[in-house]
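Remarks on the overall topology
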Amino acid sequence: MVLSFTGEHTQKVDGKGRMSIPADFRRVLEAGDPDWAPGLNPRLYLLYGDHLKETLHVYTMDAFAEIADQINGMPRGDAARTRLSRLILGQSIKLEVDKDGRTVMPIRQRQKLGLTEGDVYFSGVGDHFEIWKAETYAGTVGQSMAEWLDAQPDDFDPLSLLGT
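Below, the structure is looked at part by part. The structure presented is a predicted model; accordingly, all values stated were derived computationally and were not measured.

Our focus in this paragraph is helix α2 (residues 61-72). End to end, α2 covers 16 Å across 12 residues, agreeing with the expected 16 Å (1.5 Å per residue, within 8%). The set of residues buried in α2 consists of M61, A63, F64, A68 and I71. Taken around the axis of α2, the buried residues stretch over an arc of 165 degrees, which confines them to a single face. With respect to the buried face of α2, the exposed residues turned more than 90 degrees away are E66, D69 and Q70. Structurally, α2 contributes buried residues whose contacts are with β3 (43-47), β4 (55-59), α3 (79-89) and β5 (92-96).

Quick look at the structure:
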């Protein structure tokens, strides 16, 4: 069974960019890092591409390798490959989670979120998790989801979207 990122967490980022990665997210990062072993620190890829607007995405080493392999498997000279290479491979950074479960988000990525320190919101979305400035998430994704749910019938079951 492959572990996935699930759940929501709010964490603090200090002035040096340190933030704790939720424990259950660390377990997924460990499982998705082929070089991880007990006593070692798991690694991750932080994507900050321009296409992500006000959020950052975090992938395991394995998940990022799959994406990179797909991009590198595209024909050389293909415009889509060039764009994906720039957006995904060029705008990502490898980070390590320390022994205390923290990582340091570089200032450039914190500035992208409009955050030097304060609350960040982690949202598990399966194969990766998102990092948002907490207020931004509440005012965009949270608001949009609430409006969509309000428009559904009272007996609406989200699992019905999975089909048969």
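Considering all chains together, one arrives at eight salt bridges under this definition. The partner of D33 in a salt bridge is R43, and the shortest N-O contact between them spans 2.7 Å. Here R43 lies in strand β3 and D33 lies in the loop between α1 (23-31) and β3, a separation of 10 residues in the sequence. Assigned by exposure class, D33 and R43 land together as buried.

The next thing to look at is the nonpolar core. Counting 21 residues, the largest nonpolar core has M19, I21, L46, F122, F129 and I131 as its most contacted members. Breaking this core down by element, the ones donating at least two residues are α1, β3, β4, β7 (118-124) and β8 (128-133). Here the element with the most residues in this core is α1; it accounts for three residues. In contact with I21, other than residues within four places in its own chain, are Q11, R26, L29, V97, G101, T103, F122 and F129. Residues L47, M61, F64 and I88 belong to the second largest nonpolar core, which totals nine residues.

The two faces of the sheet receive side chains in turn, since in a regular strand these alternate between them. The element β3 is largely enclosed, with a buried count of five among its five residues. Burial along β3 is two-sided: the residues R43, Y45 and L47 and L44 and L46 are all buried. Where β3 meets β5, five bridges bridge the pair, whose relative direction is antiparallel. Opposite L47, over in β5, you have S92 as the bridge partner. Judged from the three bridges that link them, β3 and β4 form a sheet pairing that is antiparallel. Residue pairing in the sheet places Y45 in a bridge with Y59 of β4.

All right, on to the environment of G124 then. If you trace the backbone, G124 turns up in strand β7. With a relative accessible area of 19%, G124 lands in the buried category. Residue contacts for G124: discarding those within four places in its chain leaves F5, T6, G7, F25 and F129.

Reading the values: rules and limits
- Residues numbered from 1 in each chain as written.
- Predicted model: local features only at pLDDT ≥ 70, side-chain atom pairs only at ≥ 80, totals over all residues.
- Heavy atoms only, no water.
- Helix = DSSP H or I, 4+ residues; strand = E, 2+ residues; numbered from the N terminus.
- Expected span 1.5 Å × (residues − 1).
- Buried < 20%, exposed > 50% of the residue type's maximum accessible area, 1.4 Å probe, protein only.
- Arc of directions from axis to C-beta.
- Contact = heavy atoms within 4.5 Å.
- Salt bridge = Lys/Arg side-chain N within 4 Å of Asp/Glu carboxyl O.
- Core = buried A, V, L, I, M, F, W, Y, C linked by side-chain atoms within 4.5 Å.
- Pairing = 2+ DSSP bridges.

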